[in-house]
Amino acid sequence: MRLILESKFQSLLLNWYSKNARILPWRSKPSLYKTVVSEFMLQQTQVKTMLPYFERWMRLFPSFEALSEANESNVLTAWAGLGYYARAKCLHECARGFVKNPVNSYRQWLNCKGIGDYTAAAIASIAFDEAVAVVDGNVIRVLCRLLSITESFKTKEVALKIIRPIANQFLSKTNPGKYNEALMELGAIVCTKQKPRCEVCPVKSCCKSYQKDTVHLCPHFFQVKRTCCTMQRYWIRDTHAFLLEPSTVGKVFRNTLQGLLELPIMTPQRMSVVGLGKLIFTGKRSIGPKDFIEQIYSPQKQVNSQSLMSLPEFSNCVRVPFDQRQRLACTGPHKRWISKLLQ
Ligand code: SF4
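Residues numbered from 1 in each chain as written. Predicted model: local features only at pLDDT ≥ 70, side-chain atom pairs only at ≥ 80, totals over all residues. Heavy atoms only, no water.

K.L.:
Explain the overall build of the protein chain to me, and be specific about the residues and the numbers.
P.N.:
Within the protein chain, the secondary structure is distributed over 16 helices and 8 strands. Seen through its principal axes, the protein chain has C-alpha atoms that stretch 75 × 45 × 30 Å. In the protein chain, which comprises 343 residues, the proportion classed as buried is 48%. A sequence separation of at least 24 residues applies to 67% of the contacts in the protein chain between residues at least 6 apart. Carbon and sulfur atoms form 54% of the exposed surface of the protein chain, whose accessible area is close to 17,500 Å². If the 48 positive side-chain charges of the protein chain are averaged to one point and the 24 negative ones to another, these points end up 5 Å apart. (Helix = DSSP H or I, 4+ residues; strand = E, 2+ residues; numbered from the N terminus. Buried < 20%, exposed > 50% of the residue type's maximum accessible area, 1.4 Å probe, protein only. Contact = heavy atoms within 4.5 Å. Areas by Shrake-Rupley, 256 points an atom, 1.4 Å probe, with all protein chains shown as cover. Lys, Arg positive; Asp, Glu negative; His and termini not counted. Charge placed at Lys NZ, Arg CZ, Asp CG, Glu CD.)

K.L.:
Residues and numbers for the site of the ligand, please.
P.N.:
Lining the immediate environment of the ligand, one finds Arg145, Cys191, Cys198, Cys201, Val203, Lys204, Cys207, Ser209, Tyr210 and Val215. Of the residues belonging to the shell around the ligand, the class tally is 7 nonpolar, 1 polar and 2 charged. (Near = heavy atom within 4 Å. Nonpolar A, V, L, I, M, F, W, Y, C, P; charged D, E, K, R; others polar.)

K.L.:
Give a detailed account of the sheet that holds strand β5 (residues 261-262), specifying residues and quantitative values.
P.N.:
Think of a sheet as strands paired side by side through backbone hydrogen bonds, with each pair either parallel or antiparallel. Taken in spatial order, the 3 strands of this open sheet run β5-β4-β8, and their pairing is antiparallel. Taken across any chain shown, the strands that pair with only one partner, and hence form the sheet edges, are β5 and β8 (318-321). (Pairing = 2+ DSSP bridges.)

K.L.:
Kindly report on the pattern of salt bridges, identifying the contributing residues and their values.
P.N.:
What the rule picks out here adds up to 12 salt bridges. In this structure, arginine 270 engages glutamate 245 in a salt bridge whose closest nitrogen and oxygen atoms are separated by 2.8 Å. With a gap of 25 residues between them, arginine 270 in helix α14 (residues 268-274) and glutamate 245 in strand β4 (residues 241-246) connect regions that are remote in the sequence. There is no split in this pair, since arginine 270 and glutamate 245 are both buried. Here glutamate 294 ties to arginine 285 by a salt bridge, and the two come within 2.9 Å at their closest N and O atoms. Assigned by exposure class, glutamate 294 and arginine 285 land together as buried. What you see here is one network of salt bridges that share partners, running through Arg22, Arg27, Lys178, Glu181 and Glu185. (Salt bridge = Lys/Arg side-chain N within 4 Å of Asp/Glu carboxyl O.)

K.L.:
Any chance you could break down unusual backbone geometry for me, citing the residues and the numbers?
P.N.:
Among all residues save glycine, negative phi is the norm, and among peptide bonds the norm is trans. With an omega dihedral of -10 degrees, the bond running from cysteine 218 to proline 219 counts as a cis peptide bond. The topology assignment puts proline 219 in the loop between α12 (208-212) and β2 (220-221). A positive phi angle, close to 45 degrees, is found at lysine 29, a residue other than glycine. Along the chain, lysine 29 turns up in the loop between α1 (2-20) and α2 (32-41). Overall, the relative accessible area of 73% leaves lysine 29 in the exposed class. Even without glycine at this site, aspartate 213 takes up a positive phi of about 60 degrees. Its location among the elements puts aspartate 213 in the loop between α12 and β2.

Coordinates in, geometry out; function isn't part of it.
Here is the structure:
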């Protein structure tokens, strides 16, 4: 019975995809490099957001060779705005490794830094037609709905463990790359998290949750509690330049923001040097399960950013002339906030 369902699902899905796939830059004239870059960028970012970054990236670094020769600061600057900068570093490292020692299989991709199961499966199946299923939140959702799996998952990892064998069972062994792309496409534009478009869904005739009216119950996750904390920072500028420092929250969150610049954090030592002026901006950002309210203060005293840097309290800061700010490897929220503060 299952086999009939699997082959019906595959054929409906592939048929739909062949006529409805979105035209995306990594799908026209596909290449291994385009697949790898797009998969890295899509790890935590939606297609709509990453499209302009992808196009620009291809102009700046059109091949593994070009990327491997680029310096890290240019790579991070090109990535700025996509968030989770560890991905940019890993992609850079991956290009350097690939140029010396090309890899092709799922197992080999899995050994590359920053590449997990999902990305390795996507690259191996799309670029090398290896029969390995991609499994991420989208795939979990589609398959849970397809089979009406209503059990509650404690975490995404638990769901992955349960759904991965099912995903491999449903995978088309003759056309795994296109099947994986089609499944991801279905999850992205039809079987969406909110308001799935069941009426126009190409696989509704074999979807158990559609038939049983359990779509709204699948998949079900226990709620994760979010936490929130407040941080204070300085906006220290003079007539030509302002100060930034390497990210401090990066150390807390598995170095995801390591190496990127942010506004200097307010410490008691720094406060004793420049004082505490007005609260001039409040921003909010989220990293993983944590929300940050960031309050940005001006110093109380008139400052000269150049001379401040000779003091131990500001010795790790960098001085950025206004006209060079666009080229900065800065975290996304801070880049946006700095633009507002300079207006
Ligand atoms: S019928 Fe609805 S729930 Fe089932 S796969 Fe299609 S969009 Fe998802």
